[in-house]
Each structure stands twice: as structure tokens, then as C-alpha cells.
Amino acid sequence: MDSLPPEPVATGLARDLDAWADHLRLGRNLSEHTRRAYAGDLVDLATWAATRGVSAWGQVDHRLLRAWLADLHRRGAERTTMARRATAARVFFAWAHADGRIAADPGSALQAPRASRTLPPTLDHGAVEGLFEHLEARVAAAEDDAERALARRDLAIIEVLYSAGLRVAELCGLDATGIDEARGLLRVRGKGDKERSTPLGEPARRALDAWLADRHHLAGPDAGAAVFVGARGSRIDPRVVRRVVHDALDAVPDAPSLGPHGLRHAMATHLLEGGADLRAVQEILGHASLGTTQIYTHVTNERLRDAFRQAHPRA
């Protein structure tokens with residue numbers, strides 16, 4: 001059972017949260033990150049409602065939920081946070097109603113402000129070249145097997161993230177059986193435990209092969225089939241991947257400070273700038289909706305407008 005955040009919650013409201021956490025894990029097949037976020041959202045709602053005299057979920061109505069979201073806005077919550085909390089409330093009350101725990105579903109008509117569909121700064125082509133030059137120089141400068149293995153691992157991590165557009169969880173979960181050498185593909189499990197194949201560019205394939213040749217210098221008995229391992233020898237942790245990406249980008253002059261997801265954004269942007277079909281990019285990224293992928297067209301269109309304004313004599 002997922003553990004809930006430690007904030008105090010009134011007994012009558014806390015009663016159903018553990019059962020709901022089990023439902024999210026067993027019935028919804030959500031990731032651990034999403035389950036913990038939803039659990040925290042309901043703890044926030046329960047704590048907030050208890051201060052207003054609510055002692056049971058059946059006392060919560062649609063107006064109270066709207067007041068909760070309005071208070072979140074006053075507390076400075078981002079639109080993305082409010083949208084997720086509204087979704088968590090809808091999921092919880094739909095489950096509680098279907099399970100007979102409450103007589104009516106107050107979340108069925110709950111709406112929240114749409115999350116702002118903006119992207120963080122991305123890398124231009126020059127920054128990408130500088131990033132890989134830095135990583136390759138680290139490999140060349142390594143003084144022993146362990147240092148070289150770490151440098152090759154970091155290069156392979158960033159090559160694979162950028163080439164295949166993987167999410168950090170997908171990279172961390174990648175096993176040796178997911179590498180299709182013959183076809184130049186990676187098979188990964190994405191959101192909702194859905195499997196997809198994504199192409200791997202030739203530089204990434206070379207970096208991955210070089211890392212796998214040195215992997216035994218880091219891999220311990222707990223590594224199993226994990227492609228990427230941490231310094232302690234077991235499957236790599238997402239926090240380590242984020243640190244690897246941040247440290248590498250910090251060494252590139254004028255590069256924005258991005259995490260692994262920023263490399264995914266850069267890959268999608270560069271594909272579209274190069275003329276790739278939008279639906280192909282959707283498949284590579286594993287987006288369930290084409291609308292999610294279309295946000296990248298706004299980035300490329302803005303760059304086109306900037307280039308036009310700077311270069312056209314009658315702009």
C-alpha cells in the first residue's frame with residue numbers, strides 16, 4: 001500500500017484514503033509518482049475541509065470543492081497544480097461514489113483552469129553540439145577504468161535521452177532486452193505501462209555500445225538487466241539522471257539549466273524544425289493525444305517568426 005503524506009487528517013476523512021491509495025495502485029495502474037501526487041492532493045483537501053467543520057466525505061459538495069480550488073489559487077498554486085488537484089478530486093469522488101462510500105459524486109462537474117501549455121527554454125543546435133563535445137572530452141580525459149565507465153555512462157544517458165526522447169523513468173527502467181540492435185530501436189514502458197518502440201540515432205547507438213562494454217566496471221549483483229546503473233552498482237535512480245544532465249549542461253556556456261525532460265523537449269522541437277511529421281513525433285514521444293505534441297509547433301513557429309523579423313528586409 002502506498003504511504004500517504006504525514007499531514008494530520010481528521011479521522012472521518014482519513015478513513016477512505018488508504019483504500020483509495022490501494023485502488024490507484026491496483027486498479028488504475030498509475031505510476032508511483034502520480035499516486036503519491038494524488039494522495040497528497042486529497043490530504044490537502046481533507047485538511048482544508050476539516051478546518052471548515054467537515055468530518056466525512058459525504059458532507060463535501062461541489063461548492064466546497066470550488067472553494068478549495070479558489071483557496072489554492074489565493075495560496076499561489078500554479079495552474080498545473082490546480083488542474084492536477086481537480087483531477088485527483090474527480091477521480092477520488094467518482095471511486096467513492098461507485099464504491100458506495102458516498103451517496104452522490106460532487107466532483108463530476110468540477111473544473112479547473114487549464115494548465116498553461118508553455119515549454120521551458122530549450123537547447124539550440126549549437127548548445128547540443130557543445131554538450132556532446134563536453135561529454136566526449138570527459139571520456140577522453142578519463143584516467144582509469146572506473147572514471148571512464150562513469151564518463152561513458154553519462155554520455156550514453158544524454159545521447160539516449162536526446163536521441164530517443166525518453167522520459168527519465170523510461171530511461172531508468174530500460175533493460176538490456178529492450179535494445180533492438182538489428183533495427184536500431186529501443187522498447188520502453190511509458191505512462192500507463194504502455195510499451196512503445198522509438199528509434200535510436202547512430203551517435204546514440206555508438207555511445208550506448210561503448211557504455212555497455214564498460215558497464216561491468218560499475219554494475220553490482222543487484223543491477224540485473226538494467227542498462228544504466230548508479231555508482232553503487234544497482235539500477236540508476238532518476239535523481240542521479242537529473243544530476244548528470246544538470247551538471248553536463250552547466251559546463252556548456254550559455255546553455256539553459258534543463259533537466260532530462262528538457263532534452264526530450266529539444267529533441268521534439270528539432271525534429272519538427274527538420275520537417276518531421278507531427279504524428280511521427282507523437283509516436284516517438286509516446287503521447288496519447290496529438291494535441292500534446294502540437295505544443296512543439298508553437299515553439300518552432302515562434303522561431304520562424306524570429307528568423308523572419310531578423311532577416312527579412314521588409315519584416
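Here is what the cut-offs are and how they apply
Residues numbered from 1 in each chain as written. Predicted model: local features only at pLDDT ≥ 70, side-chain atom pairs only at ≥ 80, totals over all residues. Heavy atoms only, no water. 1 Å grid on protein atoms, 1.4 Å probe; cavity = no way out; pocket = protein on both sides within 12 Å on 5 of 7 lines; lining within 4 Å. Points joined across faces, edges and corners; volume = space filled by probe spheres on them. Helix = DSSP H or I, 4+ residues; strand = E, 2+ residues; numbered from the N terminus. Nonpolar A, V, L, I, M, F, W, Y, C, P; charged D, E, K, R; others polar. pLDDT = per-residue confidence, 0-100. Contact = heavy atoms within 4.5 Å.

1. Digging into the layout of surface pockets
If you roll a probe as big as a water molecule over the atoms, it shows you where there is empty space left.
Inference 1: Estimates place the volume of the second largest pocket at around 320 Å³.
Inference 2: As for the second largest pocket, its lining consists of 18 residues, of which Arg-153, Gly-230, Ala-231, Val-240 and Arg-243 are closest to the centre.
Inference 3: Of all the secondary-structure elements, those providing two or more residues to the lining of the second largest pocket are helix H6 (125-141), helix H7 (145-164) and helix H10 (238-250).
Inference 4: In terms of residue class, the lining of the second largest pocket is made up of seven nonpolar, three polar and eight charged.

2. Some remarks on the confidence of the model for the protein
In low-pLDDT regions, the fine details of the predicted coordinates are not to be read closely.
Inference 1: Counting all residues, the mean pLDDT for the protein is 84, and 86% of those residues have values of 70 or more.
Inference 2: Summarising per-element confidence for the protein, the mean pLDDT is lowest in helix H14 (residues 295-311) (66) and highest in helix H9 (residues 202-214) (95).
Inference 3: Every residue in residues 1-8 is under pLDDT 50, and counting partners more than four places away or in other chains gives 16 contacts.

3. A word on empty space enclosed by the protein
Inference 1: A full pass over the atoms with the stated rule returns one cavity of 30 Å³ or more.
Inference 2: Roughly 50 Å³ of volume is contained in the largest cavity.
Inference 3: Taken together, Ile-179, Asp-180, Glu-181, Gly-184, Leu-185, Leu-186, Leu-200, Arg-205, Leu-208 and Asp-209 make up the lining of the largest cavity.
Inference 4: Those elements that provide at least two residues to the lining of the largest cavity are strand E1 (179-180), strand E2 (185-189) and H9.
Inference 5: It is H9 that provides the largest number of residues to the lining of the largest cavity, a total of three residues.
Inference 6: Residue classes in the lining of the largest cavity are distributed as five nonpolar, one polar and four charged.

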